[in-house]
Amino acid sequence: MAESKVAIYGAIGANVAIAITKFVVAGITGSSAMLSEGIHSAVDTFNGVLLLVGLRLSKRPATQEHPFGHGKELYFWSLIVAVLIFGLGGGVSFFEGIQHIRHPEPMRDPTWNYVVLAAAALFEGTSFFIALKEFRAQARGQPFWQALDRSKDPTTYTVLAEDSAALAGLAVAALGIYFSHSLGMPELDGVASVVIGVLLAGVAVFLIRQARGLLIGEGIRPETARAIRAIAMEQPGVEDVGHVLSMYIGADEVLVVVDVNFRDDTQTGAAADAVAAIERQVRARFPMIKRIFIEASDAPAPDKATQGKAGAF
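Residues numbered from 1 in each chain as written. Predicted model: local features only at pLDDT ≥ 70, side-chain atom pairs only at ≥ 80, totals over all residues. Heavy atoms only, no water.

Here we look at the packing of helix 8 (residues 222-233) against helix 9 (residues 268-285)
Counted only if it meets this: An axis is simply a line fitted to the C-alpha atoms; with a helix, the fit covers only the stretch in contact. Between two such axes, the angle follows the N-to-C directions and lies from 0 to 180 degrees. Starting at the N terminus, helices and strands are each numbered in turn, a helix being any DSSP run of H or I of at least four residues and a strand any DSSP run of E of at least two. Left-handed describes a crossing whose near helix is turned anticlockwise from the far helix through less than a right angle; right-handed describes the clockwise counterpart. Any two residues whose heavy atoms approach within 4.5 Å are treated as being in contact. Ten residue types, Ala, Val, Leu, Ile, Met, Phe, Trp, Tyr, Cys and Pro, are classed as nonpolar, four, Asp, Glu, Lys and Arg, as charged, and the remainder, Gly among them, as polar.
Axis separation between helix 8 and helix 9 bottoms out at 9 Å; the angle between their running directions is 145°. When the axes of helix 8 and helix 9 are compared, the crossing they make is right-handed. For the pair formed by helix 8 and helix 9, the contact residues are Ala227, Ile228, Ile231 and Ala232 on the first element and Ile278, Gln281, Val282 and Arg285 on the second. Of the residues contributing to the contact of helix 8 with helix 9, the split by class is six nonpolar, one polar and one charged.

Pasting the structure below:
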């Protein structure tokens, strides 16, 4: 998780710098819109802190009440971050845009706005490339969109999504300010704010969808389950493989239960060797599968070495 922390720290640093810049300009110009933007960046900073809290809590050791650990803490806090992006990010921007459209005010000198947007683009771009570098390292050569959909580490893809939306929002804001000032149509500034609000809401919906799937027990991909089934079928004595049940219990930890049906003439020792081989090969091929349980549908026949020894299998 060290790589994830790098992305989060980069995002927090960028948002702190952006918030300070916006607050300073708001104080100089007296712009309420810029003050709102400063509050928005402060909220983004708080989101980064929440992700760090989730990351720390998810690393707590297992307890009697939580025998599989606290990995899902990370998914809970990423859901809270997504809700904050939707409500405070998208909601405030949308509201401000509607207010500007209903009560337009001519823009005086847009120079300071361009200065803030340029500085924000520099900071956000730095944070984005840090997050992108960490995400690419985790993707291990997968196509970008496929890796984004399959990623189970919200600390990285949340920062990446936030920064992408922020950069797009800065471009929209720059266009809105330019056309609003050059055409003498202050309503366009409000329209740009509405577009930014919709953009942030869309990103938040994506993050909520990702967090929801993981919180309610999302499992491994079908192709991974098929590969596990094939590994089990290759073992001597295995007649059939039933359900492959799985669930992500952390960003880098998966629980898998495999239902294996042994032939009636399979000896206990051979079955035990097959189970050990399945566990070893699955863990070697899929390192994220930390916990694997093999359930034998039909009890193997006891061999001479194990007869009379209770609990041999």
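Now that the structure has been shown, the text picks up again.
Here's the deal with the pairing of strand 2 (residues 253-262)
Put simply, the test is: The classification of residues rests on relative accessible area computed with a 1.4 Å probe and restricted to protein chains. Under 20% of the type maximum is buried, over 50% is exposed, and intermediate values are partly exposed. A pair of strands is considered paired only if DSSP assigns at least 2 bridges between the two. When the strands point away from the viewer, a crossover counts as right-handed if the path from the first strand over the helix to the second runs clockwise.
The element strand 2 is extensively covered by neighbouring structure, given that nine of its 10 residues are classed as buried. Looking at chain direction, strand 1 (residues 238-250) and strand 2 are connected through nine bridges and run antiparallel. Paired with Asp240 across the strands is Asn261, a residue of strand 2. Linkage of strand 1 to strand 2, two consecutive antiparallel strands, is achieved through a turn of two residues. Sheet topology places strand 2 next to strand 3 (residues 289-296); seven bridges connect them, and they run parallel. Residue Val256 lies in a different strand from strand 3, and its bridge partner there is Ile292. At this point the chain moves from strand 2, through helix 9, to the parallel strand 3, and the crossover so formed is right-handed.

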